[in-house]
Every structure is written in C-alpha cells, then in structure tokens.
Amino acid sequence: MAAPRTTRTAATLAVGVLLSLGACTGEEDPGDRETGVAVPALEEAWRVPLPDGDVWHDLDDARGDGLWPAADAVSVVAGDSVTTYDALTGVVRSTVDLDGEVCGVSRDLNPAGVGVVVLGPLEDCRTVVAVDTVAGQVRWKARLRRPVVVNAVPAGDRAVAVTDVFVGAQRLRLSDGSPLPTLGRGEAASDGTLVVVTPEGGGDRESYDVYDQDTGRLLRSLPAPPSTRVETLVSSDPLVVTASSYDDDGTFLRDLSGDRAVRFGRRTSAGYPRLAEHVAGSDLVAVQYGGSPLVATW
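Residues numbered from 1 in each chain as written. Predicted model: local features only at pLDDT ≥ 70, side-chain atom pairs only at ≥ 80, totals over all residues. Heavy atoms only, no water.

K.L.:
Explain the nonpolar core residue by residue, including any values.
P.N.:
Formed by 18 residues in total, the largest nonpolar core has its most connected members in V128, W140, V160 and V162. Those elements that place two or more of their residues in this core are strand 10 (114-119), strand 11 (127-132), strand 12 (137-143) and strand 13 (159-163). Per-element tally for this core: the top contributor is strand 10, with 3 residues. Once you skip the residues sitting within four places of it in the chain, V160 turns out to touch V116, W140, P154, A155, Q170, R171, L172, L174 and Q213. (Core = buried A, V, L, I, M, F, W, Y, C linked by side-chain atoms within 4.5 Å. Buried < 20%, exposed > 50% of the residue type's maximum accessible area, 1.4 Å probe, protein only. Helix = DSSP H or I, 4+ residues; strand = E, 2+ residues; numbered from the N terminus. Contact = heavy atoms within 4.5 Å.)

The following block contains the structure:
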C-alpha cells in the first residue's frame, strides 16, 4: 500500500479562474471515447513564487497533494511550511512553520479551514499537526500512540482520523489533539465524515465496517469477500470506496450504500495513483483513473 514519495518541483503557484471538465456518462465499463464536450481554457488570475519551490506531493494521492483550496484562499504545503494566499490577489495571508519532514497531508480542509499535516520519515510518520489556515497558526501538535503507515488524514468537524493500512483509524480530538478511541483494526480509509475499515477476519467473517469519524460510532457492517482491503474512500454520499479482494483481479470501485458491496467501473491502476482524481457531490461520483485520461461519472 505505501508507495515511494515523489516531490513535484514548481517554481511558481498559478491559479486559474475557470475550470471545466467533460466526463463520460456512467456505465458499467465507460470505455475510452471522446465526449465532444468543449473544455474552456483556463485564464490565469495571478502567479507567485513559492517559498521553497517544492509543493509536497506523493504518488499515493490518498496522502494529499499539498494544495488546500478554499472559497477565498488557497493554502500550499511546500518545504517545511504552509503558506496561505488570498484567492483573488495572490497576497500572502499567513505562513505557518511545520518544523519537520512532511510524510502526509489531508486532501482538503474541513469546513472551519483546518488542514492536517503528518511529520516524520515514512518509517516513523507519527507527528500530527493541525493547521488553522484561517487564523494562520498551528492549532496543536500531537504524537500518535502507535507507528502508522499513513493512508488518509482528514479533519472532520470534531476529530482527525489518521487511517492506516494495518491498525485502523487512530483519532485525535480536533480541539486539542487529545487521543480518542481507535476505530477498527486493519486497512482503513476516511474522507472526514466516515471511516471504512476492512478488518482481517478470515473466511466469511470479512466485512466493510462503517464508522462516524467524529463520534466513533459503528454505523453498519457489510459482508465482504475473503482478503478484502479498502484503499480510498471516494465519497460518503453515496458511500463509494476503492477496494481489492481475493476474488478480484485488481482494485475496483465499490458502492457500499446498500446492504451489500457492489463493484462498478473498471479496474483502477495497478500502480500509484490508483485514481488521478476523484470528486463527489449531489449524489454524483466522478473519477479520473490513474495513468489514464479517462474520466467516468456515476
């Protein structure tokens, strides 16, 4: 699961004011074809030099891409700091020093503008930092109780979940970083709202266990084939994940919104990233498959 990190070098940060993406219609196997949808050109709003020239990035996109866009600002994890820019002008609002090597970041900010950064080498990726991009300061820094192979690290409304490929989801209170009960044991994924864990039960005891990230409450459990491993939580509503299992040749999208997991779409990339991008909202899921220009919606 854990992939080697890569760093994307960029001398400047450029922000566009318009982005439109044409997509395939939702089918069992979308197929590679042109949609005929015109994609408007981006118009550059502003351009600024980055402090260290390096935007943090990882081949496994679950560990974030170092960019946190918000309604009126964009924050960039670069080098050993988080810099927040005004979205209209590019003027720096704040710079927060991290004091350590970044090994994972949240994909997004929570509604209050808090993002999460994990510090340390991959073999000891255990220091979690909650960054308040609105106030321009570190809210807290905490050390995880157990070593972790980081998957996703989203901030919810009340709790941060550090999901792992072995030990479930270690949680920290958003207000002060104090530890909360760990959810499950096994592979885990989260998007800030829900946590999905696939514990290693063996035989017919395999399952997808769905938890509320903030409260830690087990919401439901769905049966799963032997040796099922969840990887990415793509959407909470509808509940969609990527996961592999013993009886599948690869990793696929799974709809967990019913009483059983339903596989759909095509096989994701065997390498990283599994998905180049994924977005969800208003009962719609859209993905761009890794290593491919193919975009599909459901």
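There is more to say, and it comes next.
K.L.:
Let's hear about the pairing of strand 19 (residues 218-223): which residues, and what values?
P.N.:
Relative to strand 19, strand 18 (residues 207-212) runs antiparallel, the two being bridged by 5 bridges. Among the inter-strand pairings, S207 is bridged to a residue of strand 19, identified as P223. Adjacent in sequence and paired antiparallel, strand 18 and strand 19 are bridged by 5 residues, among which G216 carries a positive phi angle near 80°. (Pairing = 2+ DSSP bridges.)

K.L.:
Help me get a handle on the sheet that holds strand 20 (residues 229-236), residues and values and all.
P.N.:
Sheet architecture is open: 4 strands sit in the order 20-21-22-23, paired in antiparallel fashion. The two strands at the open ends of the sheet, each matched to only one other strand, are strand 20 and strand 23 (262-264). Taking each pair of neighbouring strands and ignoring which way they run, the sheet shows an average axis angle of 35°. As paired elements, strand 21 (residues 239-244) and strand 22 (residues 251-255) share 5 bridges and run antiparallel to each other. Counted as the bridge partner of T242 is L253 from strand 22. (Axes fitted to C-alpha atoms, helices over the stretch in contact; angles between N-to-C directions.)

K.L.:
Talk me through the pairing of strand 21; I want residue IDs and the actual numbers.
P.N.:
Most of strand 21 is tucked away: 6 of the 6 residues are buried. Alternating residues of strand 21 divide into L239, V241 and A243 and V240, T242 and S244, and every residue in both groups is buried. Bridge count for strand 20 against strand 21 is 6 bridges, and the pairing is antiparallel. Pairing of T232 across the sheet is with T242, part of strand 21.

K.L.:
Could you give an account of the packing of aromatic side chains, with specific residues and numbers?
P.N.:
Counting across every chain of the model gives 1 aromatic pair. Relative to Y85, the ring of W46 has its centre 6.0 Å away and its plane inclined at 35°; by these criteria the two rings are tilted. One end of the pair, W46, is in strand 3 (residues 44-49); the other, Y85, is in strand 7 (residues 81-86), and 39 residues separate them in sequence. In terms of burial, W46 and Y85 fall into one category: buried. (Phe/Tyr/Trp six-rings, centres within 6.5 Å; stacked < 30°, edge-to-face > 60°.)

K.L.:
Account for the pattern of salt bridges, naming residues and giving values.
P.N.:
Following the criterion strictly, the structure yields 6 salt bridges and no others. D86 is paired through a salt bridge with R93; the nearest N and O atoms lie 2.9 Å apart. For R93, a relative accessible area of 43% corresponds to the partly exposed category. With a shortest N-O distance of 3.4 Å, D132 and R139 are connected by a salt bridge. You can call D132 buried: its relative accessible area is 11%. Beyond isolated ion pairs, a larger network of salt bridges with shared partners links D72, D86 and R93. (Salt bridge = Lys/Arg side-chain N within 4 Å of Asp/Glu carboxyl O.)

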